[in-house]
Amino acid sequence: ARIPPEEHPSRLALHGQFVRSYEATLWRKNAATPVLVEISSAPIHGVDGRISQVILSYRDITLRRRAEEQARQSEEKFAKAFRSSPIAMAITTVAEGRYIDGNEALLKMLGYRAEELVGRTVSELNIWVDPGQRAEALEKLRRHGSLYAYEAPFRTRSGETRIVNVCMEAITRSE
């Protein structure tokens with residue numbers, strides 16, 4: 001994207017404004033692909049108090065933007081796989097077992113609607129027939145970082161008991 005002349009950081013700096021994180025696409029000489037840059041500017045005042053010069057700094061953010069786009073695409077793929085999986089899956093907090101999300105297969109298996117499940121804990125919903133088994137599963141998760149093929153009875157919304165094969169994987173939030 002070209003910068004309109006009236007919005008160019010050097011022009012704005014001449015009018016006393018400091019511009020930060022202005023993005024523009026620049027073409028390098030003899031290069032086939034453009035470079036995405038972040039432009040910052042700052043006015044320099046002379047002894048008379050008037051702006052005498054402008055400092056412009058350019059930072060190449062092409063790789064950062066490419067990584068952000070790849071992360072967005074990866075999250076999109078995960079969300080699609082999560083939602084459409086025929087295997088019941090949930091994302092919960094470790095400490096409380098609070099449901100952050102659950103796919104359609106989980107909702108169907110447990111008999112809940114999303115708004116009845118998300119935001120509530122496994123304790124509030126009385127999902128684990130034996131809460132001690134959840135504690136045991138969490139201990140194994142803490143020790144190994146994952147848990148596979150752990151059988152436990154779960155209680156559905158209607159009170160029916162179903163034996164489920166629990167698999168857990170510890171994930172961390174990156175913020």
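The rules behind the values
- Residues numbered from 1 in each chain as written.
- Predicted model: local features only at pLDDT ≥ 70, side-chain atom pairs only at ≥ 80, totals over all residues.
- Heavy atoms only, no water.
- Helix = DSSP H or I, 4+ residues; strand = E, 2+ residues; numbered from the N terminus.
- Buried < 20%, exposed > 50% of the residue type's maximum accessible area, 1.4 Å probe, protein only.
- Contact = heavy atoms within 4.5 Å.
- Pairing = 2+ DSSP bridges.

Trainee: Can you walk me through the overall build of the protein in this structure?
Mentor: Along the backbone of the protein there are six helices and seven strands. Walking the protein from its N terminus toward its C terminus, one meets helices and strands in the order α-β-β-β-α-β-β-α-α-α-α-β-β. Of all 175 residues assigned to the protein, the portion counted as buried reaches 29%. For the protein, the proportion of contacts with a sequence separation of at least 24, taken over those separated by at least 6, is 32%.

Trainee: Explain unusual backbone geometry to me, please; I cannot follow it from the model alone.
Mentor: Note on backbone geometry: most residues besides glycine have negative phi, and most peptide bonds are trans. Its identity is not glycine, yet N126 carries a phi of approximately 60°, on the positive side. If you trace the backbone, N126 turns up in the loop between α5 (122-125) and α6 (131-144). One non-glycine residue, A149, lies in positive phi territory at about 55°. Checked against the element boundaries, A149 lands in strand β6 (residues 146-155). Take A149: its relative accessible area is 55%, and that puts it in the exposed class.

Trainee: Could you clarify how one ought to interpret the pairing of strand β7 (residues 161-169) in this entry?
Mentor: Along a regular strand, successive side chains alternate from one face of the sheet to the other. Where β6 and β7 come together, eight bridges link them in antiparallel fashion. Pairing of S146 across the sheet is with E169, part of β7. In textbook terms, the turn of a hairpin is the stretch between consecutive antiparallel strands, and for β6 and β7 this stretch comprises five residues, one of which, G159, has a positive phi near 95°.

What is shown is where atoms sit, not what they do.
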